[in-house]
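Overview (structure and organization)
Each chain, written out:
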Amino acid sequence: MNDQHNQKPESQQDSPDRESRQDKPVDKEKAAESAEPAEHAESMEDAKSSRAEELRDEHGHRYLSHEAVNAWRISGALGSLFYWLIPLGYGALSMSGDLWPEWPAYVLGVIFLGFTVLEATVIPWIRWKRWRYHVDRNEIDLRRGLFVVTRTLIPIKRVQHVDTRQGPVYRQFGLASVTVTTAGDMHEIPALSEPVADELRSKISEYARIAREDL
Amino acid sequence: MSFAARYPSTPGSPGKICEEAAMTEHPASSEKTPDDPRDNTPNRSQGYSGNSPRGSLPISRPRRQHPVATLTFVFRTLRELIIPIILIFFLGQGGQSPLFTWWGISLMLSVLLVTGIVNWLRFTWRVEDDELRIEQGLLVRKKRYVPRDRIQAIDISSGPLQRMFGLVRLNVLTAGGSSPEAQISAITRSDADAIQEALQVEVRGPEIAEQESSYPVYRISRKRLLLAASTAGSFGIALSIVGTIMAQINQVISEEQMLDFLESWIGGTTAEFWIIFVVLAVLAAWLLSLFGTLLRFSGFSLSRNGRELYIRRGLFEKKQITIPYHRIQAVRVVEGILRQPFGFAMVYVENAGFGDEGGKTTVVFPLIRKRELRQFLSDMLPEYDVALPGVRPPGRAFLRYQIRTVVPALVAASLVAWYFAFYWLIPVIFIAAGLIGYIRYRDAAAGFEDKNGFMRFRRLARTTVVFQRRRMQSLSVLANWFQRRKQLCSVLVVVASGKSGAEFQVDHLDESVRNEWLGWYGAAGTVARPESTAGTWPDWQNVELSITADS
């Protein structure tokens, strides 16, 4: 658990370099970091994504599909456009009257432009790198987070139902997310390739059924 | 005595259903005798089986409610609409609106009354095949069949209208929040008893809950109630209501007129006008929350039996709430900022499950002395009467608490100060926020031992939550970038509460608690108690109670 902690500054430092090399096969670096290096077929996208999900970290926890990075780039950039309403709204306000100065509109515009660029480049990559999950008979263990690093434990006994979900962007990339609902909250394991997501869903619901019978 | 005789029903429901019903010999009641040996629940009253009207009118036939149900519908709808009506009155043109002429009012009332009559005509209930079957609706027929084994309990209560006619309201509580819950709003007591007998579930009514003599009953005294009401400070809702009314007044009397008035009276300036305005608004909000609390909690009593808590409260309309112990997820003790100096707190439980009132955060005692808490918990919620080792945030967390409190407050204060040119507001808010940040830091604590955990945190009110590990839905440990730099983390616990959940979080604890909490909650269960602790919580002292009134 502490290892995860120490890892953070490092990954934050080298992420910009990584970003520039993004178009080249990323697998190499990832594999070098992870406990189980796998051999690659660099040209093939499919092979790439399925291998990413087979990777385990030093605790034996799994990664998400590597396609997540590209899917999140698109959804993140699109989502960040929503925040553009703030500088645009302010701009409209400052045009209409003398009361509001114009310069904050430009400052905000630059900030939000930067944000969109980051969402379209580095952020999804770091997010992917940080995301790990582990499911066994007893519990679901999630580690994630860019700014707020979070680890969550959900006992299998508490799982009420499991769903897979797929939005338009995920569908484009052959991805799906698994959502786990308890009596008190909901947790999502995002961006798994479809077969992995289906398998995980049936595995969790099977474990949950067994755990309930044991009660 | 039975009203049933006066309204033998030939319901307007489709004939097919009537025939089916007629063919069935009320099976549920035939297999049940009053002295059924299975029925050995401790708080079951034997008194009701005698005057059951089974002989006269079979409850397997579709039956209507008492006609008073029409009126209860009208009053219930009016009560639900009271806030929109007030809003329309104040936000609209007030008296000029056509809605508020005699014609408008009588039209509204007659529409309600006709709807009520139609609803009454179309509403039938019966007990058939071990199910309570309710059918209703004019255009869309709604059938709600509640099978016996889904029924958790039957609550019998009565509002003023029911009492006037010697009737009761019957609520069917089912297991699981999503499953149907049925209500029959006006039937005779004997019909209610017949339903209960046919379905073989125990009835919960005031008489029964208080027959139990081995457990104490907690009631609120007048003095205590008044104290609770005057320190309630539920300002959020109250202020918004006052705000709308004030805005309305603004339309009637313009700001200039009011300023003129104030100047001629006390020679005030704009700033003074606003201060007076704020003071008046706060006063009005305070009065509103005072009366709200008085209405809500007068006649509050809490009793229990071996399996559930039973609450009665309310001035005009008596509310009855039943909380089975196995649904309680956590106990929350809230010391409001006005109450804490006097050593008072309010006690809530978080409960999963059913009902409007029973399935979420419920007040189990409106105002209790902190030193009476140990006794109260051991009487009413013994599983939560615990003392647990815990830790407080380390000294380096102090700055994080300060920043988190002071920065947002200062931003808000600067905007207000800039807008109104009240520059003195900035240092005042700065000092106030600094003090709050300090008490937030001082009061935060979290810990666990074996099966129980606790958390204490403060926004304005200080909240202490005690929960059981087996009731937790999930545990998260979070650390943002600032926290990681200082080796701090936050712990977040989720328990079920109503249909969703309740989250409790303690911020900026030392990073070492991460592995302790994960080890305690994780399936491996490697940690039983924290390695180093800073004391024992919750730190209520144990003293004799002054308000216990044994029944």
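Values in this document were obtained by computation on a predicted structure and should not be read as measured data.

Notes on the overall build of chain A
- Each helix and strand in chain A was counted, giving nine helices and six strands.
- When each of the 215 residues of chain A is scored for burial, the buried share is 46%.
- Across chain A, contacts joining residues at least 24 apart in sequence account for 50% of those joining residues at least 6 apart.
- Accessible area of chain A: about 11,100 Å², with a carbon and sulfur share of 57%.

Things to note about the interface of chain B and chain A
- Contacts between chain B and chain A engage 27 residues on the former and 24 residues on the latter.
- Buried surface at the junction of chain B and chain A, summed over both partners, amounts to about 2,100 Å²; 53% is from carbon and sulfur atoms.
- On inspection of chain B and its partner chain A, the count reaches zero salt bridges.
- Counting across the interface, chain B meets chain A through twelve residue pairs in polar contact (both at pLDDT 80 or more).

Some words on the pairing of strand E3 (residues 142-147) of chain B
All names here are of chain B.
- Bridge analysis of strand E2 (residues 131-136) against E3 gives six bridges, and the strand direction is antiparallel. Bridging from a neighbouring strand, Glu131 pairs with Pro147 of E3.
- The turn joining E2 and E3, which pair antiparallel and follow one another in sequence, is formed by five residues; a positive phi near 105 degrees is taken by Gly137.

Re the packing of helix H6 (residues 103-120) of chain A against helix H7 (residues 122-130) of chain A
Residues and elements named next belong to chain A.
- It is at 3 Å that the axes of H6 and H7 come closest, and there the two elements cross at 45 degrees. One element, H6, and the other, H7, form an angle in the oblique class. Residue-level contacts link Leu118, Glu119 and Ala120 of H6 to Val122, Ile123, Pro124 and Arg127 of H7.
- The residue inventory of the contact of H6 with H7, partitioned by class, reads five nonpolar, no polar and two charged.

A word on the pairing of strand E11 (residues 319-324) of chain B
All names here are of chain B.
- Most of E11 is tucked away: five of the six residues are buried.
- Pairing of strand E10 (residues 308-313) with E11, which is carried by six bridges, proceeds in the antiparallel orientation. When the sheet's bridge partners are listed, Glu308 is paired in E11 with Pro324.

Topic: the sheet that holds strand E20 (residues 488-497) of chain B
- Read from one edge of the open sheet, six strands run E1(A)-E2(A)-E3(A)-E19(B)-E20(B)-E21(B), paired in antiparallel fashion. Of all the strands in the sheet, just strand E1 (132-135) of chain A together with strand E21 (500-510) of chain B have a single pairing partner and so form its edges. The mean inter-strand angle of the sheet, taken between neighbouring strand axes irrespective of direction, is 15 degrees.
- Packed onto the sheet, helix H9 (residues 194-214) of chain A meets E1 and strand E2 (139-144) of chain A and runs at close to 40 degrees relative to E1(A).

Examining the environment of A:Glu67
All names here are of chain A.
- For Glu67, the location among the structural elements is in helix H4 (residues 67-81).
- According to the relative accessible area criterion, Glu67 is buried, its value standing at 12%.
- Taking the C-alpha atoms as reference points, Glu67 and Phe173, separated by 106 residues in sequence, lie 6.7 Å from one another.

Details of the side chain of B:Glu516
All names here are of chain B.
- Mapped onto the elements of the fold, Glu516 is located in helix H17 (residues 512-521).
- It is Arg529 that comes nearest to the buried, bridge-free Glu516 among opposite-charge side chains, at 9.3 Å.
- A polar contact is formed between the side chain of Glu516 and the backbone nitrogen of Glu531, at a distance of 3.1 Å.

Considering the packing of aromatic side chains
All names here are of chain B.
- What the rule picks out here adds up to 19 aromatic pairs over all chains.
- Aromatic side chains Phe365 and Phe376 sit 5.7 Å apart centroid to centroid with 55 degrees between the ring planes, which places their arrangement in the tilted category. A residue pair is termed long-range when its members are at least 10 positions apart, and Phe365 in strand E14 (residues 361-369) and Phe376 in helix H13 (residues 373-380) qualify at eleven residues.
- Using a relative accessible area of 0% as the deciding quantity, one classes Phe376 as buried.
- Their ring planes at 65 degrees and their centres at 5.9 Å tell us that Tyr401 and Tyr441 sit as a pair that is edge-to-face. Residue Tyr401 is located in helix H14 (residues 398-420), and its partner Tyr441 is located in helix H15 (residues 425-443); the two are separated by 40 residues in the primary sequence.
- Using a relative accessible area of 8% as the deciding quantity, one classes Tyr401 as buried.

So, the sheet that holds E2(B)
Residues and elements named next belong to chain B.
- Read from one edge of the open sheet, three strands run E1-E2-E3, paired in antiparallel fashion. Edge positions in the open sheet fall to strand E1 (124-128) and E3, since each of these has one partner strand only. Averaged over all pairs of adjacent strands, the angle between their axes in this sheet comes to 15 degrees, without regard to strand direction.
- Sheet topology places E1 next to E2; five bridges connect them, and they run antiparallel. Residue pairing for E2: Thr124 is matched across the bridge by Glu135.

Details of the nonpolar core
Residue and element names in this part refer to chain B.
- In this structure, Leu302, Leu309, Val364, Phe376 and Leu381 are the most contacted members of the largest nonpolar core, which totals 40 residues.
- Secondary-structure elements contributing two or more residues to this core are helix H9 (222-230), helix H12 (270-297), E10, E11, strand E12 (328-335), strand E13 (344-351), E14 and H13.
- Among the elements that line this core, the one with the most residues is E13, at five residues.
- Mapping this core onto the domain boundaries places at least three of its residues in each of domain 2 (226-297) and domain 3 (389-537).

Examining the pattern of salt bridges
Residue and element names in this part refer to chain B.
- In the structure shown here, the tally under the stated rule is 22 salt bridges over all chains.
- As a salt-bridge pair, Arg63 and Asp191 come within 2.6 Å of each other at their nearest N and O atoms. Taken together, the positions of Arg63 in the loop between helix H2 (27-30) and helix H3 (68-80) and Asp191 in helix H7 (residues 189-199) put the pair 128 residues apart, joining distant regions of the chain.
- Arg404 is the salt-bridge partner of Asp507, the closest N and O atoms lying 2.8 Å from each other. One end of the pair, Asp507, is in strand E21; the other, Arg404, is in helix H14, and 103 residues separate them in sequence.
- One salt-bridge network, in which partners are shared between bridges, spans Arg126, Glu128, Asp129, Glu131, Arg133 and Glu135.

Focus on H7(B)
- H7(B) sits mainly inside the fold: eleven of its eleven residues count as buried.
- What H7(B) keeps buried is the set B:Arg189, B:Ser190, B:Asp191, B:Ala192, B:Asp193, B:Ala194, B:Ile195, B:Gln196, B:Glu197, B:Ala198 and B:Leu199.

Here we look at H6(A)
Residue and element names in this part refer to chain A.
- In this model, H6 (18 residues) spans 26 Å end to end at C-alpha, consistent with the 26 Å of a helix rising 1.5 Å per residue.
- The complete set of buried residues in H6 reads Pro104, Ala105, Gly109, Phe112, Thr116 and Glu119. One face of H6 carries all of its buried residues, which in axial projection span an arc of 130 degrees. When the buried face of H6 is taken as reference, the exposed residues oriented beyond 90 degrees from it are Trp103, Tyr106 and Val110.
- Where H6 is buried, its residues meet H4, helix H5 (85-96) and H7.

A look at unusual backbone geometry
- The omega torsion of the bond from B:Trp537 to B:Pro538 falls at -15 degrees, within 30 degrees of zero and hence cis.
- Following the sequence through the fold, B:Pro538 ends up in the loop between strand E22 (536-537) and strand E23 (548-549).
- Backbone geometry places A:Ala191, a non-glycine residue, at a positive phi of 50 degrees.
- Mapped onto the elements, A:Ala191 comes out in strand E6 (residues 186-193).
- Judged by relative accessible area, A:Ala191 falls into the buried class, the value being 0%.

Focus: the packing of H5(A) against H6(A)
Residues and elements named next belong to chain A.
- Two elements in contact, H5 and H6, have axes separated by 9 Å at closest approach and are oriented at 165 degrees. Comparing their axes, H6 and H5 come out roughly antiparallel. Of the two elements, H5 crosses H6, and the hand of that crossing is left-handed. Residue-level inspection shows Ile86, Pro87, Tyr90 and Gly91 of H5 in contact with H6, the latter providing Pro104, Ala105, Leu108, Gly109 and Phe112.
- Per-class residue counts for the contact of H5 with H6 are seven nonpolar, two polar and no charged.

Quick notes on the rules
- Residues numbered from 1 in each chain as written.
- Chains lettered and ligands numbered in written order.
- Predicted model: local features only at pLDDT ≥ 70, side-chain atom pairs only at ≥ 80, totals over all residues.
- Heavy atoms only, no water.
- Helix = DSSP H or I, 4+ residues; strand = E, 2+ residues; numbered from the N terminus.
- Buried < 20%, exposed > 50% of the residue type's maximum accessible area, 1.4 Å probe, protein only.
- Contact = heavy atoms within 4.5 Å.
- Areas by Shrake-Rupley, 256 points an atom, 1.4 Å probe, with all protein chains shown as cover.
- Buried area = accessible area lost by both parts, 1.4 Å probe.
- Salt bridge = Lys/Arg side-chain N within 4 Å of Asp/Glu carboxyl O.
- Polar contact = N/O pair within 3.5 Å; in protein donor to acceptor, adjacent residues only side chain to side chain.
- Pairing = 2+ DSSP bridges.
- Axes fitted to C-alpha atoms, helices over the stretch in contact; angles between N-to-C directions.
- Parallel < 35°, antiparallel > 145°, perpendicular 65-115°, else oblique.
- Nonpolar A, V, L, I, M, F, W, Y, C, P; charged D, E, K, R; others polar.
- Lys, Arg positive; Asp, Glu negative; His and termini not counted.
- Phe/Tyr/Trp six-rings, centres within 6.5 Å; stacked < 30°, edge-to-face > 60°.
- Core = buried A, V, L, I, M, F, W, Y, C linked by side-chain atoms within 4.5 Å.
- Domains from an automatic or database assignment.
- Expected span 1.5 Å × (residues − 1).
- Arc of directions from axis to C-beta.
- Left-handed = near helix turned anticlockwise from the far one by under 90°.

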